Amino acid sequence: MQKKDCFYLGKIVTKYSFRGELVIKLDTDEPELYADMDAVFIEMGSNLVPFFIERSLLQKGNQLRVKFEDIDSETDANTLLKLDIYLPLSLLPKLEGTKFYYHEVIGFTLTDTNCGLVGTIVGINDSTAQPLFEVQKDEIELLIPMIDDFIKKVNREKKDILVETPEGLIEMYLE
């Protein structure tokens, strides 16, 4: 399995017991969707290695306590601490309406109700307080806030997102 075919699910944050149990902090708004997994991929170096789950228990918030097959001691568990967890993209729940996964909209066109065609979404910047669409229009990169009220329609068939941004936001990049 290659990383490009997977999505980031979370990180192993701590040991739970001396019998090799670990706690995964899930990076999701719906941790219950991942409470009964059979296996995950753990990033070890540049490889994704499958690990099979003997049992798991969803704990407070978004923490999942897991017992992996063949990880039977504290020493075994130490080798997995702080490693990232991935699942195949095919296991992502389908989203509808104006909800979308960041990786899903790369390559979509962004259209504004006031300005028309803005450009192509080339990335998502989620390192700021508010995630931003990174949109390429000719030689110019525009950063458009991903605010729910701005996003009016997501057309997956036409690969287009319709937004309604405040007057002047897009124009300030184009002047």
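Residues numbered from 1 in each chain as written. Predicted model: local features only at pLDDT ≥ 70, side-chain atom pairs only at ≥ 80, totals over all residues. Heavy atoms only, no water.

Student: Can you walk me through the packing of aromatic side chains in this structure?
Tutor: The relative placement of two aromatic rings is captured by the distance of their centres and the angle of their planes. Within this structure, the stated rule accounts for four aromatic pairs. Arranged with centres 5.8 Å apart and planes meeting at 75 degrees, the rings of Tyr8 and Tyr86 form a pair that is edge-to-face. Taken together, the residues Tyr8 in strand E1 (residues 6–15) and Tyr86 in strand E6 (residues 84–88) connect sequence positions 78 residues apart. Judged by relative accessible area, which is 6%, Tyr86 ranks as buried. For the pair Phe100 and Phe133, a centre-to-centre distance of 5.9 Å together with 25 degrees between the ring planes defines the contact as stacked. Of this pair, Phe100 sits in the loop between E6 and strand E7 (109–112) while Phe133 sits in strand E9 (residues 132–137), and the two are 33 residues apart along the sequence. (Phe/Tyr/Trp six-rings, centres within 6.5 Å; stacked < 30°, edge-to-face > 60°. Helix = DSSP H or I, 4+ residues; strand = E, 2+ residues; numbered from the N terminus. Buried < 20%, exposed > 50% of the residue type's maximum accessible area, 1.4 Å probe, protein only.)

Student: Looking at this structure, I do not really get the sheet that holds E1. What am I missing?
Tutor: Either a parallel or an antiparallel arrangement is found when strands of a sheet pair, and the pairing is made through backbone hydrogen bonds. Pairing in this closed barrel of six strands is antiparallel, and the strands run E1-E2-E5-E4-E3-E6 around the ring. When strand polarity is set aside, the average angle formed by the axes of neighbouring strands in this sheet is 45 degrees. (Pairing = 2+ DSSP bridges. Axes fitted to C-alpha atoms, helices over the stretch in contact; angles between N-to-C directions.)

Student: What's the story with the side chain of Asp84 in this structure? I'm lost.
Tutor: Mapping Asp84 onto the fold places it in strand E6. Note on Asp84: relative accessible area 17%, which makes it buried. A polar side-chain atom of Asp84 sits 2.9 Å from a polar atom in the side chain of Lys11. Setting aside residues no more than four positions away along its own chain, Asp84 makes contact with Tyr8, Gly10, Lys11, Phe41, Ile42 and Glu43. (Polar contact = N/O pair within 3.5 Å; in protein donor to acceptor, adjacent residues only side chain to side chain. Contact = heavy atoms within 4.5 Å.)

Student: In this structure, what is going on with the sheet that holds strand E10 (residues 140–145)? I would like to understand it.
Tutor: Strand order in this open sheet of six strands is E10-E9-E8-E7-E12-E11, and the pairing throughout is mixed. This sheet does not close on itself; its edge strands, each paired only once, are E10 and strand E11 (151–155). Sheet twist, expressed as the average angle between the axes of neighbouring strands with direction ignored, equals 35 degrees. Here four bridges tie E7 to strand E8 (residues 116–125), and the two strands are oriented antiparallel to one another. Each residue of the ladder has a partner; that of Asp112, found in E8, is Gly116.

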